[in-house]
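The primary structure of each chain is shown beneath.
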Amino acid sequence: AQSVAQPEDQVNVAEGNPLTVKCTYSVSGNPYLFWYVQYPNRGLQFLLKYITGDNLVKGSYGFEAEFNKSQTSFHLKKPSALVSDSALYFCAVRDRNFNKFYFGSGTKLNVKP
Amino acid sequence: NAGVTQTPKFQVLKTGQSMTLQCAQDMNHNSMYWYRQDPGMGLRLIYYSASEGTTDKGEVPNGYNVSRLNKREFSLRLESAAPSQTSVYFCASRDRDGSYEQYFGPGTRLTVT
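My aim in this report is to walk through the structure given alongside it, one point at a time. Note that this is a predicted model, so its numbers are computed, not measured.

1. Focus: the overall build of chain B
Move 1: For chain B, the helix and strand inventory stands at 0 helices and 11 strands.
Move 2: Relative to the compact-globule value of 13 Å for 113 residues, chain B shows a C-alpha radius of gyration of 13 Å, a close match.
Move 3: Dimensions along the principal axes, computed over C-alpha positions, put chain B at roughly 40 × 30 × 25 Å.
Move 4: Within chain B, the fraction of its 113 residues that count as buried is 50%.
Move 5: Across chain B, the fraction of contacts at a sequence separation of at least 24, relative to all contacts at a separation of at least 6, is 55%.

So this is what it looks like as structure tokens:
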């Protein structure tokens with residue numbers, strides 16, 4: 001079965017520093033991978049996706065993600081963190097059944113001024 | 001556009017009571033989903049509807065039923081609530097194009113005592 005893992009419950013970073021939120025995946029076939037963000041008391045919002053093509057995917061709010069097939073990873077990155085980036089981040093993968101998706105356990109990002 | 005709306009926002013039930021969570025989307029999307037979010041568990045798929053007239057089980061369907069009333073509406077019913085169903089419930093929708101992006105509602109926070 002398809003799955004994703006987010007090994008860090010929490011990531012702390014100072015404002016202005018680069019940030020990385022990690023995600024590894026396990027899939028059969030080609031992976032379709034996604035990142036979502038959740039602000040407090042809100043639903044999830046789509047950030048970016050990898051379907052095929054360039055290994056570096058750019059998304060909303062200055063975020064990007066690097067797909068690494070050999071390491072089965074899809075880490076979320078941003079060159080310079082903002083306090084407003086503090087939120088819960090979820091990695092997700094599409095099931096081979098096109099209509100189902102599996103989410104990771106989430107990583108809480110804390111950006112301190 | 002309102003996007004995905006959910007009612008109610010909050011609900012407290014006693015064990016054994018029943019209730020229906022309502023979800024509607026105004027984006028003319030074909031697929032709709034119900035997830036539950038629990039701390040440390042991420043989002044888990046309860047049921048989904050690939051298109052009007054079809055529903056399928058997700059990862060954690062026990063204790064729930066769903067109805068795809070029409071293309072816009074997808075309801076989730078708890079027939080006999082249990083404390084283990086205390087959670088935050090999210091509805092999401094997705095078009096049938098190749099974007100795979102899901103749009104989430106604001107969530108329903110349910111407590112079962």
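2. Some details on the interface of chain A and chain B
Move 1: Counting from both sides, the interface comprises 23 residues of chain A and, opposite them, 23 residues of chain B.
Move 2: Both faces considered, chain A and chain B share a buried interface measuring about 1,800 Å² in area, 56% of it formed by carbon and sulfur atoms.
Move 3: By the criterion of area lost to chain B, the three top residues of chain A are A:N99, A:F101 and A:F103, representing 31% of everything that side buries.
Move 4: Between the two partners, chain A and chain B, sit 0 salt bridges.
Move 5: Seen at the junction of chain A and chain B, the total is 6 residue pairs in polar contact (both at pLDDT 80 or more).

3. Considering unusual backbone geometry
Move 1: B:T7 connects to B:P8 through a cis peptide bond whose omega is -5°.
Move 2: Mapped onto the elements, B:P8 comes out in the loop between strand 1 (4–7) and strand 2 (10–13).
Move 3: In the Ramachandran plot, A:Y61 falls in the positive-phi region, its phi being about 55° despite a non-glycine side chain.
Move 4: Here the phi dihedral of B:N28 falls at roughly 60°; this positive angle occurs in a residue that is not glycine.

4. What to know about the state of the cysteines
Move 1: Counted according to the given criterion, the structure contains 2 disulfides over all chains.
Move 2: A sulfur-sulfur separation of 2.0 Å characterises the disulfide bridge that pairs A:C23 with A:C91. Handedness of the A:C23-A:C91 disulfide follows from its S-S torsion of about -65°: it is left-handed. In this pair, A:C23 is assigned in the loop between strand 3 (19–21) and strand 4 (24–26) and A:C91 in strand 10 (residues 87–94), connecting sequence segments 68 residues apart.
Move 3: Between B:C23 and B:C91 runs a disulfide, and the two sulfur atoms are separated by 1.9 Å. Here the S-S torsion is close to -70°, and the disulfide linking B:C23 with B:C91 is therefore left-handed.

Rules behind the numbers
All residue numbers refer to position in the chain's written sequence, counted from 1. In the order they appear in the text, chains get letters beginning with A and ligands get numbers beginning with 1. The model is predicted, so local features are restricted to residues of pLDDT at least 70 and side-chain atom pairs to those at 80 or more, both for listing and for counting; the totals for chains, interfaces and linings are taken over all residues. Note that water and hydrogens are dropped before the side-chain values are worked out from all heavy atoms of the structure. Going along the chain from the N terminus, every DSSP run of H or I of four or more residues is numbered as a helix, and every run of E of two or more is numbered as a strand. To get the radius of gyration, use the C-alpha atoms; to get the globule rule, take the number of residues to the power 0.38 and multiply by 2.2 Å. A simple rule labels every residue: compare its accessible area, found with a 1.4 Å probe on the protein chains alone, to the largest value its type can have, and call it buried under 20%, exposed over 50%, or partly exposed in between. Note on definitions: a residue-residue contact is assigned when non-hydrogen atoms from the two residues lie within 4.5 Å. Defined here as a combined quantity, buried area equals the accessible surface (1.4 Å probe) lost by two parts on assembly, summed across both. Put simply, a salt bridge is a Lys or Arg side-chain nitrogen that is within 4 Å of an Asp or Glu carboxyl oxygen. Any N or O atom pair separated by 3.5 Å or less is treated as a polar contact, with the protein-specific requirement of one donor-capable and one acceptor-capable atom, and with residues adjacent in sequence counted only for side-chain atom pairs. For the purposes of this analysis, a disulfide is any pair of cysteine sulfur atoms at a distance within 2.5 Å.

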